[in-house]
Amino acid sequence: MAEQLLQLEQGLEIWRVHIDELREQDINARSQPKAMFDRLAATIRRDKRLEALPLVAATENGLEIVSGHHRVRASRQPN
């Protein structure tokens, strides 16, 4: 269930949504070495939180990740 947590200026908002509601954009120009990704996933599992929130835009395709693809992917990794 989506829940708005904070209304900021210039149309920015902070929402809590289930990770399965987030969709990766069709093109993501960034890549990350496997070792770095594995460290990120391990840190998220250990700390049970993200260091930074992903930036997401509401589009006609749903909630598309603009920045934070790796954080979202790492969060989806099984324990």
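A brief look at the structure comes next.

Basis of the calculations
- Residues numbered from 1 in each chain as written.
- Predicted model: local features only at pLDDT ≥ 70, side-chain atom pairs only at ≥ 80, totals over all residues.
- Heavy atoms only, no water.
- Salt bridge = Lys/Arg side-chain N within 4 Å of Asp/Glu carboxyl O.
- Pairing = 2+ DSSP bridges.
- Helix = DSSP H or I, 4+ residues; strand = E, 2+ residues; numbered from the N terminus.
- Buried < 20%, exposed > 50% of the residue type's maximum accessible area, 1.4 Å probe, protein only.
- Contact = heavy atoms within 4.5 Å.
- Axes fitted to C-alpha atoms, helices over the stretch in contact; angles between N-to-C directions.
- Patch = residues over 30% accessible without salt bridge, like charges linked within 9 Å, V, L, I, M, F, W, Y side chains within 5 Å.
- Areas by Shrake-Rupley, 256 points an atom, 1.4 Å probe, with all protein chains shown as cover.

A word on the pattern of salt bridges. Evaluation of the coordinates by the stated rule reveals 7 salt bridges. Each of the salt bridges in this network shares a partner with another, and the network as a whole consists of Arg 23, Asp 26 and Glu 64.

Time to look at the pairing of strand β5 (residues 62-67). Where strand β3 (residues 22-24) and β5 come together, 3 bridges link them in parallel fashion. What sits directly across from Leu 22, in β5, is Leu 63. For strand β4 (residues 55-59) and β5, the ladder comprises 5 bridges, and the chain directions are antiparallel. Each residue of the ladder has a partner; that of Leu 55, found in β5, is Ser 67. A loop of 2 residues connects β4 with β5, the two strands running antiparallel in sequence.

Attention shifts here to the environment of Leu 55. Mapping Leu 55 onto the fold places it in strand β4. Judged by its relative accessible area of 47%, Leu 55 is partly exposed. Residues Leu 55 and Ile 14, 41 residues apart in the sequence, show an inter-C-alpha distance of 9.4 Å. Look past the residues within four positions of Leu 55 in its chain and what remains in contact with it is Glu 64, Ile 65, Val 66 and Ser 67.

Our next topic: the sheet that holds β4. Across the sheet, which stays open at both edges, the 3 strands sit in the order β3-β5-β4 with mixed pairing between neighbours. Sheet topology places β3 and β4 at the edges, where each strand pairs with a single neighbour. Strand-to-strand twist in this sheet, taken as the mean axis angle between neighbours without regard to direction, amounts to 45°.

Attention now moves to the environment of Thr 59. Turning to its location among the elements, Thr 59 is positioned in strand β4. For Thr 59, a relative accessible area of 34% translates into the label partly exposed.

On the surface, Leu 5, Leu 6, Leu 8 and Leu 12 cluster together into a nonpolar patch covering about 340 Å² of accessible area. With respect to the helices and strands, the residue Leu 5 is situated in strand β1 (residues 3-7). Relative accessible area serves as the criterion here: at 42%, Leu 5 is assigned to the partly exposed category.

Just geometry here; none of it tells us what the structure is for.
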